[in-house]
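Fold and contact review
Residue-level listing of the chains:
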Amino acid sequence: MRKKPGAMTSQGSTLITRWRALDRLHGRIENTMERRLHEDFGLSLREFQALTMLQESIDTAHGRLYLQDLAAEIGLSQSATSRLVARLESRALITTSTAALDRRSVDVRLTPVARETLRRGIPLVDETVRHTVETLADEGCDQDLLGYLRNGGTDGRPIAE
């Protein structure tokens with residue numbers, strides 16, 4: 001017996017329900033992080049994510065970065081990422097120059113201000129996620145999703161305690 005187009009199976013319905021729960025959980029954590037980063041550093045979450053990605057890029061790729069790679073990592077278009085990089089540069093958090101060996105890439109350097117922001121900001125984000133997860137647990141959010149955040153993926157080490 002064929003189902004009508006768009007008909008839901010009980011498994012599909014459960015998956016959609018769990019996906020919606022995950023989306024709500026993600027949104028609450030993201031909004032809380034956004035608020036804390038803005039209060040403490042005057043940065044948006046995307047700006048902070050860009051700084052962390054730039055730091056990783058600098059550590060692993062000798063300071064070179066393709067803007068499309070940064071855009072994919074932080075979930076923005078290339079033009080929005082270019083504007084974000086320009087904002088970070090105008091706030092003296094990064095310096096940029098065209099890479100000498102590959103004109104498609106950009107050499108990025110974090111300034112001392114950015115390094116200090118990351119040094120203080122990473123623990124703040126970690127604590128914010130931890131606190132938000134505990135608040136959501138008290139509110140009765142999906143315990144399986146919260147357990148995943150607390151206990152990690154496959155290695156079982158706690159992510160948020």
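None of these values were measured; they are calculated from a predicted model. (Residues numbered from 1 in each chain as written. Predicted model: local features only at pLDDT ≥ 70, side-chain atom pairs only at ≥ 80, totals over all residues. Heavy atoms only, no water.)

**So, the environment of Ser 105**
Basically, it comes down to this: Segments assigned H or I by DSSP are reported as helices when at least four residues long, segments assigned E as strands when at least two residues long, and all are numbered from the N terminus. Accessibility here uses a 1.4 Å probe with only protein chains present; expressed as a share of the type maximum, an area under 20% marks a residue as buried, one over 50% as exposed, and anything in between as partly exposed.
Of note, Ser 105 is situated in the loop between β2 (94-98) and β3 (106-110). The buried category is assigned to Ser 105, whose relative accessible area is 2%. In the structure, Ser 105 is positioned 39 residues away from Tyr 66 in sequence and 4.8 Å away in space, judged by C-alpha atoms.

**Quick look at the confidence of the model for the protein chain**
Let me state the cut-off plainly: pLDDT measures how confident the predictor is about each residue, on a scale from 0 to 100.
Confidence along the protein chain averages 81 in pLDDT terms, with 84% of residues attaining 70 or more. Highest mean pLDDT in the protein chain belongs to helix α4 (residues 78-90) (92); lowest belongs to strand β1 (residues 64-65) (66).

**A few points about α4**
So the rule is basically this: A helix's residues, less one, multiplied by 1.5 Å, set its expected span. The directions considered for the arc are those from the helix axis to the C-beta atoms.
Over its 13 residues, α4 runs 18 Å from end to end, which matches the ideal 18 Å to within 8%, given 1.5 Å per residue. Residues of α4 that are buried: Ala 80, Thr 81, Leu 84, Val 85 and Leu 88. With its buried residues spanning 140° around the axis, α4 presents them on a single face. Residues of α4 that are exposed and angled more than 90 degrees away from the buried face: Arg 83 and Ser 90. Remark: Ala 92 follows α4 within two positions and exhibits a positive phi of approximately 60°.

**Description of the pattern of salt bridges**
For clarity, the threshold we go by: Just to be clear on terms, a salt bridge is a Lys or Arg side-chain nitrogen sitting within 4 Å of an Asp or Glu carboxyl oxygen.
Counted according to the given criterion, the structure contains 8 salt bridges. With its nearest N and O atoms 3.5 Å apart, the salt bridge here joins Arg 36 to Asp 40. You can see Arg 36 and its partner Asp 40 sitting in helix α1 (residues 10-41), 4 residues apart, about one turn around the helix. Assessed through its relative accessible area of 36%, Asp 40 is described here as partly exposed. Beyond isolated ion pairs, a larger network of salt bridges with shared partners links Glu 47, Arg 87 and Arg 91.

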